[in-house]
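Chain by chain, the residues run as shown.
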Amino acid sequence: MAQDSQNQTEQNAAPIFSIEKLYVHDASIEVPNAPAIFTERATPQINVELGNNAQQVEEGIFNVSIKVTVTAKIEDKTAFLVEVTQSGIFAIRNVPQENMEPILAVACPNILFPYAREAISDMVTRAGFMPVLLNPINFEALYLQQQQQAAQAAGAPN
C-alpha cells in the first residue's frame, strides 16, 4: 500500500506539458485597394510583424497567443493586410518556475506558428493573391534577444 502511495506521489510530481486546445482567436484580411490593385503587375513588398503573449487561465493551465500581421504594399498602396492571432491552451504542471518563461515564450509559440502560417496563406489566397509562405521563426533567438535587451535596459543609467 505504501509503495502505491509513493508511486502516485512521484507520478504527480512528474513534469507535465500537453496541448489542450489549438484555435484561431482572431483573423482578418483587408484588401483596401480592390479591384484596382489586381491590375498592378509589380511584386508586393511584404512586411511581417510578430507578437506573443501568455496568461495563466487557472492553476497549471495557460493560454498562449501569437499575433502575426502581414502587410503587402505595391509602392504606396496597400495590396492586403492580414492579421491572425493563433492561440493554444496548454497544461503545464510541475515545472520549475525558472523554466516557465522559456516554455511560454519559445516552446508554445513554436507549436502555434505553423497553424498561423497556414491560416495566413489560406486567407491571402482566398483574397485573390499568390500565397504568402512565411519563413520559419526562431522563437528561441527572439526570446534571447528580448532577454538581452531587457538586461541592457535594466543596466542602463536613467
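Think of each chain on its own: its residues are numbered from 1, step by step along the sequence as written. With pLDDT at 70 or above as the cut-off, local features in this predicted model cover only qualifying residues; side-chain atom pairs require 80 or more to be listed or tallied, and sums for whole chains, interfaces and linings still use all residues. As a rule here, side-chain values cover all heavy atoms of the structure and leave hydrogens and water aside.

1. What to know about the side chain of Thr78
With respect to the secondary-structure elements, Thr78 resides in strand β4 (residues 77-93). Whether two residues touch is decided by their heavy atoms; if any such pair falls within 4.5 Å, the residues are in contact. Residues contacting Thr78, with those up to four places away along its chain left out, are Pro32, Asn33, Ile37, Thr71, Ala72 and Lys73. Numbering of helices and strands starts at the N terminus; helices are DSSP runs of H or I of at least 4 residues and strands are runs of E of at least 2.

2. Observations concerning the nonpolar core
The definition of a nonpolar core used throughout is a set of buried Ala, Val, Leu, Ile, Met, Phe, Trp, Tyr and Cys residues joined through side-chain atoms within 4.5 Å. A 1.4 Å probe rolled over the protein chains alone gives each residue an accessible area, and that area as a share of the maximum for its type sets the label: buried under 20%, exposed over 50%, partly exposed in between. By size, the foremost hydrophobic cluster in this structure holds 34 residues, and its most contacted members are Val68, Val70, Phe80, Val82, Ile92 and Ile120. For this core, the secondary-structure elements that each account for two or more residues are β3 (61-74), β4, α2 (97-126) and α3 (139-155). Per element, the largest residue contribution to this core is 13 residues, and it comes from α2. Among all residues touching Phe80, those that are not within four sequence positions of it are Glu30, Val31, Ile46, Val70, Thr71, Ala72, Val124, Phe129 and Val132.

3. A short note on α2
Taking 1.5 Å as the rise per residue, α2 with 30 residues should run 44 Å; its terminal C-alpha atoms sit 43 Å apart, in good agreement. By the largest-angle criterion, Ile103 marks the main kink of α2, which is about 45 degrees. Two residues or fewer after α2 comes Gly128, characterised by a positive phi angle close to 100 degrees. Expected helix span is computed as 1.5 Å times (number of residues minus one). To get the bend at any residue, fit one axis to the seven residues that end at it and another to the seven that begin at it, then take the angle between the two axes.

4. Description of the pairing of β3
In terms of burial, β3 is a largely internal element, 12 of the 14 residues being buried. Here the rule is simple: two strands pair whenever DSSP picks up at least two bridges between them. Here strand β2 (residues 45-58) runs beside β3; their pairing, made up of 13 bridges, is antiparallel. Across the sheet, the residue bridging to Gln45 is Lys73, located in β3. The pairing of β3 with β4 spans 14 bridges and is antiparallel. Within β4, the residue paired with Lys73 across the bridge is Thr78. The loop that links β3 with its antiparallel partner β4 comprises two residues; one of these, Glu75, has a positive phi angle of about 55 degrees.

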